[in-house]
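Per-entry structural report
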Amino acid sequence: MSNSEPFDNDTAEQENEFQGFDAFWGETLRKEAAEHGLAPTEVIRGVKVKVPQDLPLKFRAKARAMRNEDGDDAFRELLAGLFGADVLDAWDAAGMGAREFRVVLAWGMSHGEGTPITWQQAYESVMAKDDEAGDEGKAPSSTRKSGGSGGSGRSSKPTSAGNTSSRRQTSRT
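Residues numbered from 1 in each chain as written. Predicted model: local features only at pLDDT ≥ 70, side-chain atom pairs only at ≥ 80, totals over all residues. Heavy atoms only, no water.

**Brief notes about the overall build of the protein**
Secondary structure assignment for the protein yields 8 helices and 2 strands. Going from N to C terminus, the protein has its helices and strands arranged as α-α-β-β-α-α-α-α-α-α. A burial count over the protein gives 18% of its 173 residues as buried. Of all intrachain contacts in the protein linking residues separated by at least 6 positions in sequence, the fraction that spans at least 24 positions is 51%. About 13600 Å² of surface is accessible on the protein, with carbon and sulfur atoms providing 49% of the total. (Helix = DSSP H or I, 4+ residues; strand = E, 2+ residues; numbered from the N terminus. Buried < 20%, exposed > 50% of the residue type's maximum accessible area, 1.4 Å probe, protein only. Contact = heavy atoms within 4.5 Å. Areas by Shrake-Rupley, 256 points an atom, 1.4 Å probe, with all protein chains shown as cover.)

Written out as structure tokens, the structure is:
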């Protein structure tokens, strides 16, 4: 038996019903979109884009790799996989801001992961992440109040082992 032959009747019936995987997958995505009440396209800043229903296979790997890259090309490629080619330039020309873009990206990635969210939920997600990022890098507030320890408030100097031993003399009797 070769790899291209079905190994049971159910598989053969599915292949006949959908005329191969591509047709099956297209129909599956259409059904999922209908179940969620999703439109196949969305207009974002005047640009009609296909609503992502799945993430490109290497999307996450590219996104991780981009964290260390400064170039626009990798970013454009990643965005093209999600929304289509040339949307970044069109959105930029339409005046899209960075925070607005992060909302659109969060919305698109969520849809692509199969967990559609509303624009409001995407906005709240971005704002929550901004709040978390705003707290990073700040020193935690001190809970210690003055007057409790009797210290000078300055840090102490490191001491060597010789300086930590007792200076008392033992008496000899």
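**Focus: helix α2 (residues 21-36)**
Between its terminal C-alpha atoms α2 stretches 22 Å, which fits the 22 Å expected from 16 residues at 1.5 Å a residue. For α2, every residue scored as buried is listed here: Gly26, Thr28, Leu29 and Ala33. Taken end-on, α2 shows its buried residues confined to a sector of 160 degrees, consistent with a single buried face. Exposed residues pointing more than 90 degrees away from the buried face of α2 are listed as Ala34 and Glu35. Among the residues trailing α2, Gly37 stands out with phi positive, at a value near 70 degrees. (Expected span 1.5 Å × (residues − 1). Arc of directions from axis to C-beta.)

**Focus: unusual backbone geometry**
Positioned with a positive phi, Arg45 is a non-glycine residue whose angle comes to about 50 degrees. Structurally, the position occupied by Arg45 is in the loop between β1 (41-44) and β2 (47-50). Of note, the phi angle at Asp86 is positive, near 65 degrees, even though the residue is not glycine. Relative to the elements of secondary structure, Asp86 occurs in the loop between α4 (72-83) and α5 (87-93). On the basis of relative accessibility, which here comes to 63%, the residue Asp86 falls in the exposed class.

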